[in-house]
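The primary structure of each chain is shown beneath.
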Amino acid sequence: MKVLVLNSGSSSIKYQLFRSDDWVAIASGQIGRIGEAEGDLKMEWIDADGQSQCSKDNRPIPAHQEGIDHIVDKLQEQGVLADVTELSAIGHRVVHGGPHFKHPVVVDDEVEAEIRSVIPLAPLHNPGHLAGIEVARKHFPSVPSVVVFDTAFHQTMPPVSYRYAIPEYLYTEHRIRRYGFHGTSHQYVSKRAAAMLDKPLAECNLITLHLGNGASAAAIRNGQCVDTSMGLTPLEGLVMGTRSGDIDPAVLIYLWKNLDLNAAAVSHLLNRQSGLLGICGVNDMREISHQAEEGNKRAQLAIDMTLHRLKKYIGAYYAELGEVDAIVFTGGIGENSVEIRHGACEGLKRLGIEMDEAANAERIPGERVVSTPDSEVKLLVIPTNEELEIAQQALATVS
Ligand code: ADP
């Protein structure tokens, strides 16, 4: 049997098809620019001879309905899906599950309504997810649709971590609290870390660092999340590609009062024009590293600020956990940047954190240990695989 994973955005659908007996991804693709004059269609798949194939196409995809039609047609045309009865489940990524969803659930009308009710908390994400979910449910009534929430893994946080120090009614009446995101990634790498440490996850204390365009840290005690750096929205916490991360809330008041920026403008400024982009004009870490090597001071400052914030979180979570078995690096930057991993751990020997610089500098793919054999805290690089985690959680939910 197979599991299809859909990540539907407002104008895009990303998808992967997994074989559930060995969890190999046999096809993946993306439809971009839904609703525009010309849509972008890409798919990669493994053919009957085990060879990788790919195709690209441009044609109008007016709405999610046509997008999902296209995906199924294409999967069938290339022989990776005989027909929809081969699907055990469709797993949908949903960014915001609000305060109620602690686990993945099979979608019904009530679940859809709940996801709709938290649109004010995730206006950029949940409407696109809902569009994909609605079409999938209508289209494949016999295949259960399962929603897997980015917020769910963080639902084990205690109130001291998830409450803001603001009047209580804002929490009770308006659900303003910290939720955390990237949960599927933090959960996936935690499980892999436990396997690498050869210890039950329920006995592992970890600091997981998902460092991509968006970035977040999580403190995990006995396998459960007890704190994370993102909050009500994915804006809080680390310095990110285009997001500011932590900032004095008075900056917003200042912008509103003195620069006459309204809510939409402030949101755009902090979500799209800040972070690395705001500091040095570029949001791609590879390019920033390159520019810093060439002596660009703004690029160097962007790296230094990224590391400064990262270290603050490592220190805070270390103090919160007391004992740490491993620090895990994942995401595009965490998996690939020798320099960021080095900088994040530099000078932390007194905390039992010792990087093996040679192992860290090796540019090899896959899971690996980059700490010295004597390091009390293991340093692990673990490529994330959110789609696989969603597929496995979706199947486990329907089984
Ligand atoms: P997203 O959050 O969009 O999924 P990714 O996890 O793919 O992002 O991470 C993108 C970031 O990873 C970019 O800043 C990119 O420059 C960085 N990155 C990718 N490869 C490398 C590399 N070899 N060295 C440094 N940074 C890298």
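Because the structure is predicted, anything quoted here is derived from the model rather than measured.

It is worth spelling out the overall build of the protein chain at this point. A count of helices and strands for the protein chain gives 15 helices and 14 strands. Oriented by its inertia axes, the alpha-carbon framework of the protein chain measures out at about 60 × 55 × 45 Å. Counting only residues that meet the buried cut, the protein chain has 50% of its 399 residues in that class. In the protein chain, the proportion of contacts linking residues at least 24 apart, taken out of those at least 6 apart, comes to 61%. For the protein chain, the accessible surface area stands at approximately 18,500 Å², while carbon and sulfur atoms represent 51% of it. Here the protein chain holds 36 positive side-chain charges and 52 negative ones, and the gap between their average locations is 4 Å.

On to the site of the ligand. Lining the immediate environment of the ligand, one finds Gly212, Asn213, Gly214, Asn283, Asp284, Met285, Arg286, Gly331, Gly332, Ile333, Asn336 and Ser337. For the ligand, the accessible surface in isolation is 580 Å², of which the surrounding protein chains cover 67%. When residues of the shell around the ligand are traced back to their parent elements, those giving at least two are α10 (285–293) and α12 (331–336). At four residues, α12 tops the list of elements feeding residues into the shell around the ligand.

In this section: the UniProt feature "site: Transition state stabilizer" (unreviewed entry) in the protein chain. Under the feature "site: Transition state stabilizer" (unreviewed entry), the UniProt entry names His182 and Arg243. For histidine 182, the position within the fold is in the loop between α5 (168–172) and α6 (183–197). Note on histidine 182: relative accessible area 11%, which makes it buried. What makes arginine 243 partly exposed here is its relative accessible area of 22%. Excluding anything up to four places from it in sequence, arginine 243 contacts Gly214, Met230, Pro234, Leu235, Leu238, Leu270, Asn271, Ser274 and Gly275. One polar contact links the side chain of arginine 243 to the main-chain carbonyl oxygen of proline 234, over a distance of 3.0 Å.

Pairing within the open sheet is mixed, and its eight strands lie in the order β5-β4-β3-β2-β1-β6-β8-β7. The open sheet terminates on both sides in strands that have one partner only, identified here as β5 (52–59) and β7 (105–106). Direction of pairing for strand β2 (residues 13–19) relative to strand β3 (residues 25–32): antiparallel, over a ladder of six bridges. Residue pairing for β3: leucine 17 is matched across the bridge by alanine 27. Packing of helix α3 (residues 126–139) onto the sheet brings it into contact with β1 (2–8), β6 (87–94) and β8 (145–149), and relative to β6 it is tilted by some 165°.

Here we take up a nonpolar patch on the surface. Side chains of Ile247, Val251, Leu252, Ile253 and Trp256 sit close together on the surface and give an oily, nonpolar patch of about 440 Å² of accessible area. Here tryptophan 256 lies in helix α7 (residues 250–258).

Take the side chain of threonine 228 next. Mapping threonine 228 onto the fold places it in strand β11 (residues 224–228). Of the polar contacts made by the side chain of threonine 228, one reaches the backbone oxygen of alanine 217; its length is 2.7 Å.

This brings us to the packing of helix α1 (residues 64–77) against α3. Between α1 and α3, whose axes approach to 9 Å, the crossing angle comes to 60°. As far as their axial angle goes, α3 and α1 are oblique. Crossing of α1 against α3: the hand is right-handed. Along the contact surface, α1 presents His64, Gln65, Ile68 and Asp69, while α3 presents Gly128, Ala131, Gly132, Val135, Ala136 and His139. By residue class, the composition of the contact of α1 with α3 is four nonpolar, five polar and one charged.

Time to look at the UniProt feature "binding site: substrate" (unreviewed entry) in the protein chain. Residues given the UniProt feature "binding site: substrate" (unreviewed entry) here are Arg93. Mapped onto the secondary structure, arginine 93 falls in strand β6. Setting aside anything within four residues of it in sequence, one finds arginine 93 in contact with Leu6, Asn7, His129, Val148, Asp150 and Ile390.

Quick notes on the rules
Residues numbered from 1 in each chain as written. Predicted model: local features only at pLDDT ≥ 70, side-chain atom pairs only at ≥ 80, totals over all residues. Heavy atoms only, no water. Helix = DSSP H or I, 4+ residues; strand = E, 2+ residues; numbered from the N terminus. Buried < 20%, exposed > 50% of the residue type's maximum accessible area, 1.4 Å probe, protein only. Contact = heavy atoms within 4.5 Å. Areas by Shrake-Rupley, 256 points an atom, 1.4 Å probe, with all protein chains shown as cover. Lys, Arg positive; Asp, Glu negative; His and termini not counted. Charge placed at Lys NZ, Arg CZ, Asp CG, Glu CD. Near = heavy atom within 4 Å. UniProt positions renumbered as here; feature names shortened; annotations may be inferred. Polar contact = N/O pair within 3.5 Å; in protein donor to acceptor, adjacent residues only side chain to side chain. Pairing = 2+ DSSP bridges. Axes fitted to C-alpha atoms, helices over the stretch in contact; angles between N-to-C directions. Patch = residues over 30% accessible without salt bridge, like charges linked within 9 Å, V, L, I, M, F, W, Y side chains within 5 Å. Salt bridge = Lys/Arg side-chain N within 4 Å of Asp/Glu carboxyl O. Parallel < 35°, antiparallel > 145°, perpendicular 65-115°, else oblique. Left-handed = near helix turned anticlockwise from the far one by under 90°. Nonpolar A, V, L, I, M, F, W, Y, C, P; charged D, E, K, R; others polar.

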